[in-house]
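What follows is each chain in one-letter form.
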Amino acid sequence: MGPEKINQMVGQVSRLLAQRLGAKGPTLEARVASRARALPRKVRKAALVLVDAERKAHAPKIARQLDARRVEGAFATCRDYLEPLGAAERLRAAALGLASSIAVIVVIVGGTLLAAMVWTGAI
């Protein structure tokens, strides 16, 4: 696991913390500290594993000693907790998309029926 991948994971968790919980700070460590009470213990510990991995990733010899499964598990724990927090907005977007699709279908079917009626002389 390279430093680029770890930085991507840390960046995504940091962004989710800022978006979903309003965490403040320039780094993941600062954001976790700012919202520590809002996070369950399991998620907080997983985020701290990512912080530790980010620190170690900058030194190549130490980076090779990182437990990739542990880091990926910590990332999955954080992501799985933070992503569903925007579920209401995603549900609203899905409902709007469904409604617009139905409206387009109604307009197309109505136009086709009207054209068929005009063509056959029913109108």
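In what follows, the accompanying structure is described. What you see is a predicted model; the values in this text were computed from it and never measured. (Residues numbered from 1 in each chain as written. Predicted model: local features only at pLDDT ≥ 70, side-chain atom pairs only at ≥ 80, totals over all residues. Heavy atoms only, no water.)

## What to know about the side chain of Ser 14
Looking at the element boundaries, Ser 14 is found in helix H1 (residues 3-21). With near-sequence residues (within four places) excluded, Ser 14 lies in contact with Thr 27, Leu 28 and Arg 31. (Helix = DSSP H or I, 4+ residues; strand = E, 2+ residues; numbered from the N terminus. Contact = heavy atoms within 4.5 Å.)

## Brief notes about the nonpolar core
Grouped together as the largest cluster of nonpolar side chains are 25 residues, with contacts concentrated most on Val 13, Leu 17, Leu 28, Leu 39, Leu 50, Cys 78 and Leu 82. Within the residue set of this core, elements represented by two or more residues are H1, helix H2 (28-34), helix H3 (41-57) and helix H5 (68-82). Sorting elements by how many residues they give to this core places H3 first, with 8 residues. In this structure Leu 28 touches Val 10, Val 13, Ser 14, Leu 17, Ala 47, Leu 50 and Val 51, once residues within four positions along its chain are discounted. (Core = buried A, V, L, I, M, F, W, Y, C linked by side-chain atoms within 4.5 Å. Buried < 20%, exposed > 50% of the residue type's maximum accessible area, 1.4 Å probe, protein only.)

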